[in-house]
Structures are given as C-alpha cells and as structure tokens.
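These are the residues of each chain, in order.
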Amino acid sequence: MLSAMMRHCLLGLFVLCSAPGAQAADAPLLAYGGRIAGDDARTRVVIDFDKKPVFFVHYVANPARVIVDLPETSFGLKPEDLAARGLFSEIRYGAMGAGSSRVVLTAKKPVAITVADVKADEEGRGFRLVLDAERVTEERFSRLIEEQKWTGTVTATKTDRVLEPPAAGEFVIAVDAGHGGIDTGAIGTDTKMEEKSVTLAFAGELVETLNKETGVKAFLTREKDEFLSLPERVQIARQRGANLFISVHADTLKQHDIRGATVYTISDKASDHLAANLAERENLSDEIAGMTLTSEPAEVADILIDLTRRETQAFSVNLARAVVSSFEGQINLINNPHRYAGFRVLQAPDVPSILLELGFLSNKQDEKLLVDPVWRKKVAGLLAGAVRAYRGGSVANGG
C-alpha cells in the first residue's frame, strides 16, 4: 500500500514521486499501455509500466506544458493510447539521451497536476502512473513555475563523449541526423516512417561513405535514437573540430505534389515562405522536447567575430552550390534548390554549415526513395563528391 504522501504529490515543486532505489539503473522501464480521459476542466492521464517508475513532474511555459521525466524507458504504446484530449492538445514521449526519457503534455490553457501517483496493477502486471490535471489561472501557473526547483535541463551537453582530436591535415565533417528521441520529426504519408529514423539511416550511410575519402574523418552527432538540443548539436561539432557541418532532414509539406532535395544555408532573411516556414518548424525541436527556450547570449561586438561569420557563411554557400551541382541530373531537386533562412542548427560562427532536405515524406514518390537503401547509397556518394569539389575549391582559393 502506498503512503498518503505518495498518493498526493502536489506539484508546483520539482517532485520525486517514488521510493529511492525502486528502479534499477541498468534496467529500462517498459511503458506498455496508456489512456486519457477528461474535459476542458479536468483530465486524467494513465501510463502502464512493467516496473515501478521513478519520475519527476515540472512545468514549462510558452506554451504551457507538463513535463514528466523518467529513467530510460521503452515506449511500446499505440498512437491511440495517449491521443491528446481534454486539457491537452498534444502528447509526446521518447528518449532524451543519457539514460533518460520524457513525456511532454502540451496544454491548451494553464494547468496544474493535482495528483501524481504510482499504483500497483491489481492483476500483478506492473504499475500505473496516474496524473490528474486541472485548469488553473495564469497567475497560479506562473507561481508553479517560479516555485519549482527544476533547472530546465535533463543532462548536460554530451561532453562525456570521447572527443578525438583531428589528426594533422585531417578534414573533419559532422553529420547531424535531424530530430531524435522524443522529437520524432515528420511522419511518412504511406509508410508512417518517422523522420528521425530516415535521417539516422541516411546519416550513417553518409558517414561511412565520407570516411572512404582520403584525409576525411566524418562522425555522427547522434548515433542512436536520442534527443539532442539544437545548441548541443552545434557544440558537439565544434568540440570535435569540424570543418563542415551537414544536418540531414526529410520534412513534410501540406502541398503533397512538391518533391525533391533542397539545400539550405543560414541567413537573417529567408529566401521565401517555404524556407521561412521550414526554419520555424525546425527551430521548435527543443520546445517539442519540453526544453526551456532562452534567448541566445549577445556576443561581444568584435570585428573579427563578424569577419569570421561572413567568411563562414560564404563557405557555407560554396558547399551548398557544390551539393546542388553534384545532384543535378542525378536526383530530383526542388525548384530553386539552394534556399536560406534562420536555422538555429546552422549558427556555428566558425563552421561552414548546410541543412540538407533529402526530400519530403509528404510526397509518395519521395517517401519511397527515402526508405530505399540503394537510393540512400547513391545520394551519399553524390554528397561525398560535392565535399570533394568543395575541398578542391577551398584549397584553390587559399581556404
């Protein structure tokens, strides 16, 4: 029988809602079922686990969200198990990296969790996590956020990874598989394939292909299905001494007839509405995962920093042009295939960076190609050729 305290974790504070040591560190939880019921005043969320979960509840604003942090968890849930309803407009769950997972409940209006409880299943099949939410005023929600002791992070930037310093003369390329973990990205129209899986499969193929090039050392920013924030992706590239940063994506559009690859570079002003909308969606990755978004710190006004940025942007454009040239006549390209917008993941001031949209999961023809290993291998080869041409041009120009 659970104690009264554990039955009523009321929760403007950062709360640990289970007994210490209840969850073995090396044994991932399995979330095998879930359900949600309620209305615009009160909503109950129930998640079934194979073992007793240790969990933390906290809040994030703009938009109002309830965050439930868990140890490493495998989510064996059907999409309909936690289909958003009642107080919640969206519910996401998935890995956050470093042995942690998360459930993010986005609310239509400010909410408070009035009960967070773990109950043993009556049939002995595991445990139920029960969350009761109720509508509250903006003022009370603000107090809940102010009173909690959550720092806004799950784990530190992945500085615990083995950082191999580049060998003398080695050309280092960071290949960034977009999305991951709780952030699934786009979903395929026919196959229902998740963008995070498409990008990781292609990124792995690209790294393998690039590493066959003489003098090249390519690596993945993420090697598995885990969440990395946008600043983390950039920081990992810089920590490894990257000479290039290639972020791989496969988005969806409302216009299902649009297809083909696109190469994006960073710019304060978007080239067009499509680029602006895509950048806006991609820049929400951290928010989707329940991260607290803060303004980037203003850097010291320094002419050398500005010159570095300008030079880096010029190199990024050269790389984009090399990719487009390599793709032309070989794979389908969107109209005006080099576009630009304010992508946060391309903000490294000293690493030439591009975002490669392989195609669109909203287009049936593109979708078939994106899941085809033969096509992925072909595109990886063309990209390697583009990098080769870019390096040759950089050397010729004294870069």
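Being a predicted model, the structure only gives us computed values, none of them experimental.

Attention now moves to the pattern of salt bridges. Counting across every chain of the model gives 21 salt bridges. The partner of arginine 125 in a salt bridge is glutamate 123, and the shortest N-O contact between them spans 3.6 Å. Under the relative-accessibility criterion, glutamate 123 is labelled exposed at 62%. A salt bridge links arginine 344 to aspartate 286, with the shortest nitrogen-to-oxygen separation between them at 3.5 Å.

Moving on, we come to the sheet that holds strand β12 (residues 216-220). An order of β12-β11-β13-β16-β14-β15 is seen for the 6 strands of this open sheet, with the pairing classed as mixed. In this open sheet, the two edge strands, each paired with only one partner strand, are β12 and β15 (333-341). Going from strand to strand, the sheet's axes swing by 20° on average, the running direction of each strand aside. As paired elements, strand β13 (residues 244-249) and strand β16 (residues 353-357) share 5 bridges and run parallel to each other. Pairing of isoleucine 246 across the sheet is with isoleucine 354, part of β16. Strands β11 (171-177), β12, β13 and β16 of the sheet are contacted by helix α3 (residues 195-210), whose axis makes an angle of about 165° with β11. Together, β13, β14 (261-266), β15 and β16 form the strand contacts of helix α5 (residues 273-282), whose direction differs from that of β15 by roughly 60°.

Tallying each qualifying case throughout the model produces 1 cavity of 30 Å³ or more. For the largest cavity, the calculated volume is near 80 Å³. Every residue lining the largest cavity is counted, 14 residues in all, and those nearest its centre are Leu230, His249, Glu282, Ser285 and Val345. Those elements giving two or more residues to the lining of the largest cavity turn out to be α4 (230-239) and β13. Among the residues forming the lining of the largest cavity, the class breakdown is 4 nonpolar, 6 polar and 4 charged.

The next thing to look at is the packing of aromatic side chains. Taken as a whole and assessed by the stated rule, the structure comprises 4 aromatic pairs. In this structure, arginine 240 packs its charged tip against the face of phenylalanine 219, placed 4.0 Å from the ring centre.

Definitions and cut-offs
Residues numbered from 1 in each chain as written. Predicted model: local features only at pLDDT ≥ 70, side-chain atom pairs only at ≥ 80, totals over all residues. Heavy atoms only, no water. Salt bridge = Lys/Arg side-chain N within 4 Å of Asp/Glu carboxyl O. Buried < 20%, exposed > 50% of the residue type's maximum accessible area, 1.4 Å probe, protein only. Pairing = 2+ DSSP bridges. Helix = DSSP H or I, 4+ residues; strand = E, 2+ residues; numbered from the N terminus. Axes fitted to C-alpha atoms, helices over the stretch in contact; angles between N-to-C directions. Contact = heavy atoms within 4.5 Å. 1 Å grid on protein atoms, 1.4 Å probe; cavity = no way out; pocket = protein on both sides within 12 Å on 5 of 7 lines; lining within 4 Å. Points joined across faces, edges and corners; volume = space filled by probe spheres on them. Nonpolar A, V, L, I, M, F, W, Y, C, P; charged D, E, K, R; others polar. Phe/Tyr/Trp six-rings, centres within 6.5 Å; stacked < 30°, edge-to-face > 60°. Lys NZ or Arg CZ within 6 Å of the ring centre and 35° of its normal.

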